[in-house]
Amino acid sequence: MEQRISLVTLGVTDLRRAKEFYERLGWRGQELERTVFFRTPGGAFVLWGRDELAADTGLTGERDGGFGGVCLAHNVRTEAEVDEVLETARQAGATVTRPAAETFYGGYAGVFTDLDGHAWEIAYNPGFPIAEDGTITIPDLGSQ
């Protein structure tokens, strides 16, 4: 198995509402067969009905409303951009669950949840440079 993630799919309770939320963040997607695809560098971010995703994965689809065990990360180029993205998300209807602050690794980050409770960390990490196309470079952490 090659070391790659091709798609990240979030199960959402209301596809239209979720699509509109991400569009308010500035994302543009394409809807196909009750699924919304947003192209990202190297893959795609996908919205699909929570019950359909649960059935497709063979899981029960039961929700307890708590943390689902997943946090998505969106790295940015500056501390100011962290603040800007968090504010844009808040204005789009997100809940900021951890205001932006300095991190233990010398960066700056905060967290919001989307309308279905999916957590997004918005982070500036000076040790993970971002290329022009949006991909990040993970340094050889074993040599530090």
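Each remark here, short or long, concerns the structure printed above.
Residues numbered from 1 in each chain as written. Predicted model: local features only at pLDDT ≥ 70, side-chain atom pairs only at ≥ 80, totals over all residues. Heavy atoms only, no water.

## Things to note about the environment of Arg 34
Then step 1. Note on placement: Arg 34 falls in the loop between strand S2 (30-32) and strand S3 (35-40).
Then step 2. The sequence separation of Arg 34 and Leu 47 amounts to 13 residues, and the corresponding C-alpha distance is 8.8 Å.
Then step 3. Look past the residues within four positions of Arg 34 in its chain and what remains in contact with it is Leu 15 and Trp 48. (Helix = DSSP H or I, 4+ residues; strand = E, 2+ residues; numbered from the N terminus. Contact = heavy atoms within 4.5 Å.)

## Points about the sheet that holds strand S7 (residues 108-113)
Then step 1. Spatial strand order, S5-S8-S7-S6: four strands in an open sheet with mixed pairing. For this open sheet the edge positions go to strand S5 (71-76) and strand S6 (95-102), each flanked by a neighbour on one side alone. Pairs of neighbouring strands in the sheet enclose a mean axial angle of 15 degrees, with direction left out of account.
Then step 2. In this fold helix H3 (residues 79-92) packs onto S5, S6, S7 and strand S8 (119-124), with an angle of close to 10 degrees to the strand it touches most, S7. (Pairing = 2+ DSSP bridges. Axes fitted to C-alpha atoms, helices over the stretch in contact; angles between N-to-C directions.)

## So, the nonpolar core
Then step 1. Among the nonpolar cores identified, the biggest contains 22 residues, and Tyr 22, Phe 45, Leu 47 and Phe 112 are the most heavily contacted of them.
Then step 2. Elements that contribute at least two residues to this core include exactly strand S1 (7-12), helix H1 (15-24), S3, strand S4 (43-49), S5, H3, S7 and S8.
Then step 3. When sequence neighbours within four positions are dropped, the list of residues in contact with Phe 112 reads Phe 21, Leu 25, Leu 86, Ala 89, Ala 94, Thr 95, Val 96, Thr 97, His 118, Ala 119, Trp 120 and Ile 122. (Core = buried A, V, L, I, M, F, W, Y, C linked by side-chain atoms within 4.5 Å. Buried < 20%, exposed > 50% of the residue type's maximum accessible area, 1.4 Å probe, protein only.)

## Digging into a negative patch on the surface
Then step 1. Negative charge collects at one region of the surface, where Glu 79, Asp 83, Glu 84 and Glu 102 lie side by side.
Then step 2. A total of three residues in the negative patch trace back to one element, the largest contributor, which is H3.
Then step 3. With respect to the element layout, Glu 79 can be found in helix H3.
Then step 4. Overall, Glu 79 belongs to the partly exposed group, its relative accessible area being 37%. (Patch = residues over 30% accessible without salt bridge, like charges linked within 9 Å, V, L, I, M, F, W, Y side chains within 5 Å. Areas by Shrake-Rupley, 256 points an atom, 1.4 Å probe, with all protein chains shown as cover. Salt bridge = Lys/Arg side-chain N within 4 Å of Asp/Glu carboxyl O. Lys, Arg positive; Asp, Glu negative; His and termini not counted. Charge placed at Lys NZ, Arg CZ, Asp CG, Glu CD.)

## Regarding H1
Then step 1. Every buried residue of H1 is listed here: Leu 15, Ala 18, Lys 19, Phe 21 and Tyr 22. Along the axis of H1, the buried residues cluster in a sector spanning 160 degrees; they form a single face.
Then step 2. Where H1 ends, the next residue or the one after it, Gly 26, has phi of about 100 degrees, a positive value. (Arc of directions from axis to C-beta.)

## Here's the deal with unusual backbone geometry
Excluding glycine, residues mostly carry a negative phi; peptide bonds, for their part, are mostly trans.
Then step 1. Backbone geometry places Glu 33, a non-glycine residue, at a positive phi of 50 degrees.
Then step 2. One can find Glu 33 in the loop between S2 and S3.
Then step 3. Positive phi, normally seen in glycine, also occurs at Arg 34, with a value near 60 degrees.

## Some details on the pattern of salt bridges
Then step 1. Tallied over the full model, the rule gives six salt bridges.
Then step 2. When the shortest N-O distance is used, the salt bridge between Asp 116 and Arg 17 registers 3.3 Å. Placement of the pair is Asp 116 in the loop between S7 and S8 and Arg 17 in helix H1, with a sequence separation of 99 residues.
Then step 3. The exposure class assigned to Asp 116 is buried, which follows from its relative accessible area of 15%.
Then step 4. Among the ionic pairs, Lys 19 bridges to Glu 31, the shortest N-O distance being 3.8 Å. You can see Lys 19 sitting in helix H1 and its partner Glu 31 sitting in strand S2, a full twelve residues away along the chain.
Then step 5. The buried category is assigned to Lys 19, whose relative accessible area is 14%.
Then step 6. Three or more residues joined by partner-sharing salt bridges are found here, namely Arg 16, Lys 19, Glu 23 and Glu 31.

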